[in-house]
Amino acid sequence: MFNRQFHSRRLAMMQHDDGGFSRGFDGFEKMFAAARGNERFFKKGNLQFIILNLLLEEPKHGYQIIKDLEAKFKGFYSASPGSVYPILQMLEDREFVLISKDGKKKVYTITDEGKQFLEENGSNDEFTKRMEQFQNIDMGKMKESRSELQELFKSFMLAGKISMQDEKKYEQFQQLIKETKEKLQQFREEK
């Protein structure tokens, strides 16, 4: 019975989003978000600051904003149109951006009210620290780490499956998990 439950859980994990590993850095970020205890990359309202700061550089159309966000976060975060366009609409409603037309595209330009809003509210320390994390990320190391974590995850899953066959191996596997958690906790505390 225990072995059947483990197998069912394992299959469910593999079928449900592959633990976040199969979708590039979006999955990688979701894995870290889950570890932090939240699923959102940005807290509510923070994306408006990024968009307004992008518009400080120059007027942009929505698709360019989406692409610039992806570039700013080095592919680690990719905004969907469903998250960007409602914010642009809200910024227009609050008169923080103006819209002009360039052919069929809407071009967004920050207004004086938008600039003032940024000056008064743009120094959110927690958010600023989070943004600074992306300034010096070595994407080569990030990709290498991602590959290593995928292999480690597969090894843990295989070892877990094997440990279900024998009580002594199961106890050894549980000890490995405990030791790994402790080492990871020490690593986090050394920051």
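If you check an unreviewed UniProt entry, the protein appears there as PadR family transcriptional regulator from Mammaliicoccus lentus.

A. Looking closely at the sheet that holds strand 1 (residues 60–61). With antiparallel pairing, three strands are arranged side by side in an open sheet as 1-3-2. The open sheet terminates on both sides in strands that have one partner only, identified here as strand 1 and strand 2 (97–102). In this structure, strand 1 lies alongside strand 3 (residues 105–110), joined through two bridges in antiparallel fashion. Bridge pairing in strand 3 links K60 to Y108.

B. Local environment of the pairing of strand 3. Two elements, strand 2 and strand 3, share six bridges in a ladder whose sense is antiparallel. Looking across to strand 3, one finds that V97 is bridged to I110. Between strand 2 and strand 3, which pair antiparallel one after the other, the connecting turn spans two residues, and G103 there sits at a positive phi close to 70°.

C. Region of interest: helix 6 (residues 112–121). Considered for burial, the residues of helix 6 that qualify are G114, F117 and L118. The arc that holds the buried residues of helix 6, viewed along the axis, is 100°, so those residues lie on one side. In helix 6, the exposed residues that point more than 90 degrees away from the buried face are D112, E119 and E120. Check the buried side of helix 6 and you find it contacts helix 3 (46–57) and strand 3.

D. Up close: the packing of helix 3 against helix 6. Relative orientation of the contacting elements helix 3 and helix 6 amounts to 125°, with a least axis distance of 10 Å. On the basis of the axis angle, helix 3 is oblique to helix 6. For the pair helix 3 and helix 6, the sense of crossing is left-handed. Packed against helix 3, whose contacting residues are Q48, F49, L52, N53 and L56, the element helix 6 presents G114, K115, F117, L118 and N121 at the interface.

Calculation criteria
Note that residues are indexed from 1 along each chain, following the sequence as it is written. It should be noted that, the model being predicted, local features are given only for residues of pLDDT at least 70 and side-chain atom pairs only at 80 or more, the latter also being counted only at that level, while totals for whole chains, interfaces and linings use all residues. Side-chain metrics rest on all non-hydrogen atoms present in the structure, leaving aside hydrogens and water. Strand pairing follows a simple DSSP-based rule, namely that at least 2 bridges must link the two strands. Labels follow the DSSP assignment, with helices taken as runs of H or I lasting at least four residues and strands as runs of E lasting at least two, numbered in each case from the N terminus. When accessible area is computed with a 1.4 Å probe and restricted to protein chains, residues below 20% of their type maximum are described as buried, those above 50% as exposed, and intermediate ones as partly exposed. The directions from the helix axis to the C-beta atoms form the arc being described. Residue contacts are defined here by distance: any two heavy atoms, one from each residue, within 4.5 Å place the two residues in contact. Fitted lines through C-alpha atoms serve as axes, helices being fitted only where they are in contact, and the angles separating the N-to-C directions of these axes extend from 0 to 180 degrees. Should an angle fall under 35 degrees it is taken as roughly parallel, and over 145 as roughly antiparallel, whereas 65 to 115 is taken as roughly perpendicular and any remaining angle as oblique. By definition, turning the near helix anticlockwise from the far helix through less than a right angle yields a left-handed crossing, and turning it clockwise yields a right-handed one.

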